[in-house]
Amino acid sequence: MTMQTLWRVPVAAHDDFDGWRDTARALIQAGVMPDQVRWSLPGNQAGDLFAAATPPAQPADAGADAAPVRASRAFVELANRAALHADPARFDLLYRLLWRLQAVPRLMDDRADSDVRKVDALARTVRRDIHKMRAFVRFREVAGDDGTPHYVAWFEPDHHILRANGGFFVRRFGTMRWSILTPQGALHWDGEALREGPPATRADARANILGGDPAEALWRTYYAAIFNPARLKIDAMVKEMPRRYWKNLPEAELIPDLIASAQAREAAMIALGAEDMGRPPASLDALDVAVDACRRCAIGCNGTRAVAGEGVATAPLMIVGEQPGDHEEQAGQPFVGPAGQVLRQHAQRAGLDLGAARLTNAVRHFKHLPRGKQRLHQNPTAREIDTCRWWLDAERLLVRPRLVLALGASAARGILGRTVSVQQERSRWLPLEDGAQLLITTHPSYLLRLGPEAGVAEEARFADDLAMVARALTGA
Ligand code: URA
């Protein structure tokens, strides 16, 4: 019996899919069969007693006229992810599949094939790990060398996903200076370039944390505020936020207490009437108090104060925005931030007296994402708008405006209770079932986002819409 040589082929780094692919192509072209190769990973070079140190073909040896190696797109996509799995045999599996693909180009369509199923399972696990890292990295502010804030996070991925996630964190936190430390290596972003660093420990990540650790406190406050006892489903929660991540999540410390007190808090909410909104409030004051206590959606539970409608109680014109922003939530008044200023300037030019109108919003709490010291605006979902619609209807019932101006699609949904395309339905009066007339236009924050050219045209359309409202008010 002849003993077959086993070639040991190094992979330069645990996540070096590109390097593996180049070598694998050359080996396939050299006719090296899967059971002749053992892929060896960094830190695991001891290998097999019979393994030869050098493979029979390196990429450079493969002749230029060698047959091309086939790899379907389905294979490349799955292999790219599966290569990041911690399974030490993953590159052997990938090579076996690549070898088999040369004879069976549609192999990846065979969902019953055990190699196809294995690679699919590895890729899925890696995708989940990537997603968990994006969801559960928590930055803490540390003392920077030059006094500017630097944020450090500690994370323990199950697989080799750190580099693959670098682009995501640069895009998401591009304006901050941060480091993500893991037992496998580190990423450092200085606002301009991404650098890699050696493996770290949790103690490294905790060094120099600023006194009071404000980011942690913020996360804890946010989590406690969005935790809705009436919606508590422990299994679903643990599935979304597996227990093994808890030790690095500041907010996870709160979970046992929040669960323990959930029943009592739910009873208190019901007693407050937040889950029982049968009768509309009898006055605008009662409406404001009730809206502030509303916890029927996640926005209502996020710890911000509700911003009530403002202005004349019997105004002939009601102007409806999307939701209060950062400035409005702090001031407790609608339309006082940048978008509000745009509205006020245009209204003045159109001769619309906002002091004689009612200003309100489709959603009463500020939906946002905490990012360091900032609160980033987030659009409410259709469901959240529909939940808050009850309050807008109640306000319309009390004020009874003859004209309603909806600023943007969320406001229009709040009035009509359906999806609205602003471009298709804007700039014409639409009858409402209570006899009032509705005009839909863009939201002023949209004008703020446009560049100079598109901005001029859109501002003119917005001005025309406000002029229509002014004319309808005066009967001109
Ligand atoms: N944008 C809105 O839609 N409403 C406000 O109150 C402020 C900004």
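Residues numbered from 1 in each chain as written. Predicted model: local features only at pLDDT ≥ 70, side-chain atom pairs only at ≥ 80, totals over all residues. Heavy atoms only, no water.

Details of the overall build of the chain
Helix and strand counts for the chain come out as 17 helices and 16 strands. Entry remark: accessible area of the chain is about 23,900 Å², with carbon and sulfur atoms responsible for 53%. (Helix = DSSP H or I, 4+ residues; strand = E, 2+ residues; numbered from the N terminus. Areas by Shrake-Rupley, 256 points an atom, 1.4 Å probe, with all protein chains shown as cover.)

Some details on unusual backbone geometry
A positive phi is found at Arg400, a non-glycine position, where the angle reads about 55°. Along the polypeptide, Arg400 turns up in the loop between α13 (382–399) and β14 (403–407). Given the relative accessible area of 53%, Arg400 is considered exposed. One non-glycine residue, Ser427, adopts positive backbone phi at about 65°. By the element assignment, Ser427 lies in the loop between α15 (422–425) and β15 (429–431). (Buried < 20%, exposed > 50% of the residue type's maximum accessible area, 1.4 Å probe, protein only.)

Considerations on the sheet that holds β15
Within the open sheet, the six strands sit side by side as β9-β11-β10-β14-β16-β15. Their pairing is mixed. Either end of the sheet is taken by a strand with one partner, and the two such strands are β9 (310–311) and β15. In the sheet, β14 pairs with strand β16 (residues 437–441) via five bridges, with the strands oriented parallel. Bridge pairing links Ala406 to Ile440 in β16. (Pairing = 2+ DSSP bridges.)

Things to note about the side chain of Asp120
Structurally, Asp120 is set in helix α4 (residues 114–136). A relative accessible area of 17% means that Asp120 is categorised as buried. Leave out the neighbours within four places in its chain, and Asp120 touches Leu78 and Arg111. (Contact = heavy atoms within 4.5 Å.)

Here we look at the site of the ligand
Contacts to the ligand come from Gly321, Glu322, Gln323, Pro324, Glu328, Pro334, Phe335, Asn361 and His443. At 3.0 Å from an oxygen atom of the ligand is found a main-chain nitrogen or oxygen belonging to Phe335. Looking at the shell around the ligand, its residues break down into three nonpolar, four polar and two charged. (Near = heavy atom within 4 Å. Polar contact = N/O pair within 3.5 Å; in protein donor to acceptor, adjacent residues only side chain to side chain. Nonpolar A, V, L, I, M, F, W, Y, C, P; charged D, E, K, R; others polar.)

Remarks on the pairing of strand β11 (residues 358–361)
Of the two faces of β11, the one lined by Arg358 and Thr360 and the one lined by Leu359 and Asn361 are each fully buried. Of the pairings in the sheet, the one linking β9 to β11 comprises two bridges and is antiparallel in character. Pairing of Gly311 across the sheet is with Arg358, part of β11. Where strand β10 (residues 317–321) meets β11, four bridges bridge the pair, whose relative direction is parallel. Paired with Met318 across the bridge in β11 is Arg358.

Looking at the pairing of strand β7 (residues 185–189)
With respect to burial, β7 is a largely interior element, five of its five residues being buried. Burial along β7 is two-sided: the residues Gly185, Leu187 and Trp189 and Ala186 and His188 are all buried. Examined bridge by bridge, strand β6 (residues 178–182) and β7 share five bridges and lie antiparallel to one another. By the bridge assignment for β7, Trp178 is matched with Trp189. Between the end of β6 and the start of β7, which pair antiparallel, lie two residues. The hairpin turn running from β7 into strand β8 (residues 194–197), its antiparallel successor, is four residues long, and Gly191 in that turn takes a positive phi close to 100°.

Digging into the pattern of salt bridges
According to the stated counting rule, one finds 24 salt bridges in the structure shown. With a closest N to O distance of 2.4 Å, Asp15 and Arg163 form a salt bridge. You can see Asp15 sitting in the loop between β1 (6–10) and α1 (17–29) and its partner Arg163 sitting in helix α5 (residues 162–172), a full 148 residues away along the chain. For Asp15, a relative accessible area of 18% corresponds to the buried category. Glu196 is the partner of Arg163 in a salt bridge, and the nearest nitrogen-oxygen pair spans 2.7 Å. With a gap of 33 residues between them, Arg163 in helix α5 and Glu196 in strand β8 connect regions that are remote in the sequence. Owing to a relative accessible area of 42%, Arg163 belongs among the partly exposed residues under this scheme. Residue classification places Glu196 among the partly exposed residues on the basis of a relative accessible area of 48%. It is possible to trace a salt-bridge network through shared partners that takes in Arg96, Arg100, Asp113, Asp115 and Lys118. (Salt bridge = Lys/Arg side-chain N within 4 Å of Asp/Glu carboxyl O.)

Any functional reading would require information that these geometric values do not contain.
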